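What the coordinates show
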Amino acid sequence: MQYPQSGLFYHGGRRLALPAFILMLLAFSGCQKIELERAGGTPTNWDKYRGQWVLVNYWAEWCKPCLEEIPELNELDKAPDIAVLGVNFDGISGEPLVKLGERMGIEFTMLGADPGPDFGWQAPMALPATFVVDPEGTLIEARFGPQTEEDIRALIGE
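A few points on the structure. As the structure is a computational prediction, the values presented were derived from the model and not from experiment. (Residues numbered from 1 in each chain as written. Predicted model: local features only at pLDDT ≥ 70, side-chain atom pairs only at ≥ 80, totals over all residues. Heavy atoms only, no water.)

Helix and strand counts for the protein chain stand at five helices and nine strands. Going from the N terminus to the C terminus, the protein chain shows its helices and strands as β-β-α-β-β-β-α-β-α-β-α-β-β-α. Relative to its full complement of 158 residues, the protein chain shows a buried share of 41%. Here the analysis covers contacts within the protein chain between residues at least 6 apart in sequence; of these, 62% occur between residues at least 24 apart. Surface exposure of the protein chain reaches about 9100 Å², of which carbon and sulfur atoms provide 55%. (Helix = DSSP H or I, 4+ residues; strand = E, 2+ residues; numbered from the N terminus. Buried < 20%, exposed > 50% of the residue type's maximum accessible area, 1.4 Å probe, protein only. Contact = heavy atoms within 4.5 Å. Areas by Shrake-Rupley, 256 points an atom, 1.4 Å probe, with all protein chains shown as cover.)

This is the structure we're talking about:
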């Protein structure tokens, strides 16, 4: 409720200034929807992954440990409660990224751009790097080095 010419709003018995009220509305309006672009250019929404564990894996073609963990990540991505999203560290995108992923045997979803800045994540300083996000969308930890299916399942409590 707004009281005329006061510029103040009341919510739950609390007085809010106009800027605070606007921020509250934005927080509840769903304006924080994050669109991700797949390697082939088709969009997907981050909300699609709610209810699943998400592994955002940073990799590069020249990174031998990255190559070693691809089969493990492919297997994890087949689980109904886990989604793997790959991010090419070298910034390759579009059709060259699709072809590179095919050559490397990547079966999980590759993203055309790094989603980290949208989430406030720092770019990894070493590869491979796997950011583990829980089903509620909270970053649990960043892991460095090749991950195994066993490592990830132990982390998420399976």
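Burial within strand β8 (residues 129-133) is extensive, with five of its five residues counted as buried. The alternating pattern of β8 places A129, F131 and V133 and T130 and V132 on opposite faces, both of which are buried. Two elements, strand β5 (residues 53-59) and β8, share five bridges in a ladder whose sense is antiparallel. What sits directly across from V56, in β8, is F131. Joining the antiparallel neighbours β8 and strand β9 (residues 139-144) is a turn of five residues, in which G137 adopts a positive phi near 95°. (Pairing = 2+ DSSP bridges.)

In this section: the packing of helix α2 (residues 64-77) against helix α5 (residues 149-156). Between two packed helices, the angle of one axis relative to the other and the distance separating the axes together describe the packing. Between α2 and α5, the least distance of the axes is 9 Å, while the angle of their chain directions is 45°. It follows that α2 is oblique to α5 by the angle criterion. For the pair α2 and α5, the contacting residues are E72, E75 and L76 in the first and E149, I152 and R153 in the second. By residue class, the composition of the contact of α2 with α5 is two nonpolar, no polar and four charged. (Axes fitted to C-alpha atoms, helices over the stretch in contact; angles between N-to-C directions. Parallel < 35°, antiparallel > 145°, perpendicular 65-115°, else oblique. Nonpolar A, V, L, I, M, F, W, Y, C, P; charged D, E, K, R; others polar.)

Turning our eyes to something else, we now look at empty space enclosed by the protein. All told, the structure shown has one cavity of 30 Å³ or more when counted by the stated rule. If you go around the largest cavity, the residues you meet are W46, Y49, R50, Q52, V54, V133, D134, P135 and G137. For the lining of the largest cavity, a count of residues per class yields five nonpolar, two polar and two charged. (1 Å grid on protein atoms, 1.4 Å probe; cavity = no way out; pocket = protein on both sides within 12 Å on 5 of 7 lines; lining within 4 Å. Points joined across faces, edges and corners; volume = space filled by probe spheres on them.)

In this section: the side chain of N74. One can find N74 in helix α2. Judged by its relative accessible area of 7%, N74 falls in the buried class. Here N74 is in contact with G105, I106, E107 and F108, once residues within four sequence places are set aside.

Attention now goes to the packing of aromatic side chains. Under the defined criterion, the tally for this structure stands at six aromatic pairs. Following the ring pairs from residue to residue traces out a cluster consisting of W46, Y49, Y58, F119, W121 and F131. (Phe/Tyr/Trp six-rings, centres within 6.5 Å; stacked < 30°, edge-to-face > 60°.)

Let us now look at unusual backbone geometry. With omega at -10°, the peptide bond leading from L127 into P128 counts as cis. One can find P128 in the loop between α4 (116-119) and β8.

A few words now on the pattern of salt bridges. When charged atoms on two side chains of opposite charge get close, those side chains can pair. The full count for this structure, using the stated rule, is five salt bridges. Across the pair E61 and R103 runs a salt bridge, and its minimum N-O distance is 3.6 Å. With a gap of 42 residues between them, E61 in the loop between β5 and α2 and R103 in helix α3 (residues 94-104) connect regions that are remote in the sequence. Looking at R103, the relative accessible area reads 60%, which means it is exposed. Across the pair E75 and K78 runs a salt bridge whose closest N-O atoms are separated by 3.0 Å. Taken together, the salt bridges that share partners define one network made up of E75, K78 and E107. (Salt bridge = Lys/Arg side-chain N within 4 Å of Asp/Glu carboxyl O.)

Keep in mind that these numbers describe shape and distance, not what the molecule does.
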